[in-house]
Amino acid sequence: MMTLTACDPLGQRTSLVPPDRPADLRPAAQEPSAERLRLTRYYAALQQDLLTRGLMRTDGGGPETPYDADDLVENFERIAFYDEYGGPGSAASGLLGRWEDPVRIYAAFGPSVSDAQRQQDTATLAAYVARLARLTGHPISLTQTAARSNFTVIFASQDDSAYVASEVKRVLPSLSGADLAVFVNPPQSFYCLVRAGGLQSNPVAYTRGVALIRAEHPDLGRRSCIHEEIAQGLGLRNDSPRARPSIFNDDDEFALLTSQDEKLLQILYDARLKPGVSAGQARPIVRQIAYEIMGEPR
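Residues numbered from 1 in each chain as written. Predicted model: local features only at pLDDT ≥ 70, side-chain atom pairs only at ≥ 80, totals over all residues. Heavy atoms only, no water.

### Comments concerning the pairing of strand β3 (residues 103-109)
Here comes step 1: By the criterion of burial, β3 is predominantly enclosed, with 6 of the 7 residues buried.
Here comes step 2: Inspection of the sheet shows β3 paired to strand β4 (residues 140-142) by 3 bridges, in the parallel sense. Bridge assignment links Val103 to a residue of β4, and that residue is Ile140.
Here comes step 3: Remark: the β3/helix α3 (residues 115-136)/β4 crossover connection has right-handed handedness. (Buried < 20%, exposed > 50% of the residue type's maximum accessible area, 1.4 Å probe, protein only. Helix = DSSP H or I, 4+ residues; strand = E, 2+ residues; numbered from the N terminus. Pairing = 2+ DSSP bridges. Right-handed = clockwise from strand over helix to strand, strands pointing away.)

Take a look at the structure:
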């Protein structure tokens, strides 16, 4: 079972050339399509509007966004135990899901993505992956070959639909046609999206993941997608309007991982929790961890 989550702006939730491919096999650059140019203008204007309104903050939160251990417990339960789209009847709803094996992330780039953008996004991804490994204490790393990876992050534009289809099918060969279509031709309202999970027999032990980052986004928009989609692919799979400061909130106040989000990831990968535990079973353990992290007396 895989969990699909998508992020769009305004809260309407609805590497370089891959090293195992010789650079001379990369298709010659083509002129961008009218639709790709339109989307590039649209997302640039949207980001500017959000920034003008004081949203998409990159400061991680401050004195005006306080939270305590009880907030951590409440937000963790809402964000880690339920699927954004899975609904109460989904196989993993109400159960903790995360990776137990090492996470090996591979950056895949559509043919339309420029060399400069590839280099920038690879550097952003590498720094973020290193940060996630430090925060969680879990082995998370970049790999230089698709064959060794189990979590692929695809950077691609509207013009790269055939490439996206081939990459998603490589990672998730049993994905339904309807779900594949969401990756290949996502609605304009989908900012970015991720699919992660485990086998049908054990959906809470994650084994595969794939994320799509729209190449048409401006720099901050792509960074924001990287931060949220990979964190969701690690197991923080839902959103809560009460989580603040957090990227797991539909209000777009924060663009990048916040101080509270870091603590949510720490809790998620604490050895005292196990995949498949229910929210009720985990609650006293989560409370203990949260109070330890915050340094608050119980």
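### Comments concerning the state of the cysteines
Here comes step 1: Using the criterion set out here, one finds 1 disulfide in the structure.
Here comes step 2: What pairs with Cys192 in a disulfide is Cys225, and their sulfur atoms sit 2.3 Å apart. Taking the sign of the S-S torsion, -90 degrees for the link of Cys192 and Cys225, the bridge is left-handed. Taken together, the positions of Cys192 in strand β6 (residues 192-197) and Cys225 in helix α6 (residues 219-233) put the pair 33 residues apart, joining distant regions of the chain.
Here comes step 3: Classification of Cys192 as buried rests on a relative accessible area of 1%.
Here comes step 4: When its relative accessible area of 0% is taken as the criterion, Cys225 is described as buried. (Disulfide = S-S within 2.5 Å.)

### Section: the confidence of the model for the chain
Here comes step 1: Per-residue pLDDT for the chain averages 90, and the proportion of residues at 70 or more is 87%.
Here comes step 2: Across residues 9-25 the pLDDT falls below 50, and counting only partners more than four positions away or on other chains, this stretch makes 49 contacts in the model.
Here comes step 3: Ignoring residues within four places in sequence, the model shows residues 87-91, a span with pLDDT below 50, making 6 contacts including any to other chains. (pLDDT = per-residue confidence, 0-100. Contact = heavy atoms within 4.5 Å.)

### Comments concerning the side chain of Arg222
Here comes step 1: Following the sequence through the fold, Arg222 ends up in helix α6.
Here comes step 2: Those residues in contact with Arg222 that lie beyond four places of it in its chain are Gln117, Gln120, Asp121, Ile213, Arg214, Ala215 and His217.

### Some remarks on the environment of Arg287
Here comes step 1: Summarising the element assignment, Arg287 is placed in helix α8 (residues 279-294).
Here comes step 2: When the C-alpha atoms of Arg287 and Ile267 are compared, they prove to be 9.5 Å apart, with 20 residues separating the residues in sequence.

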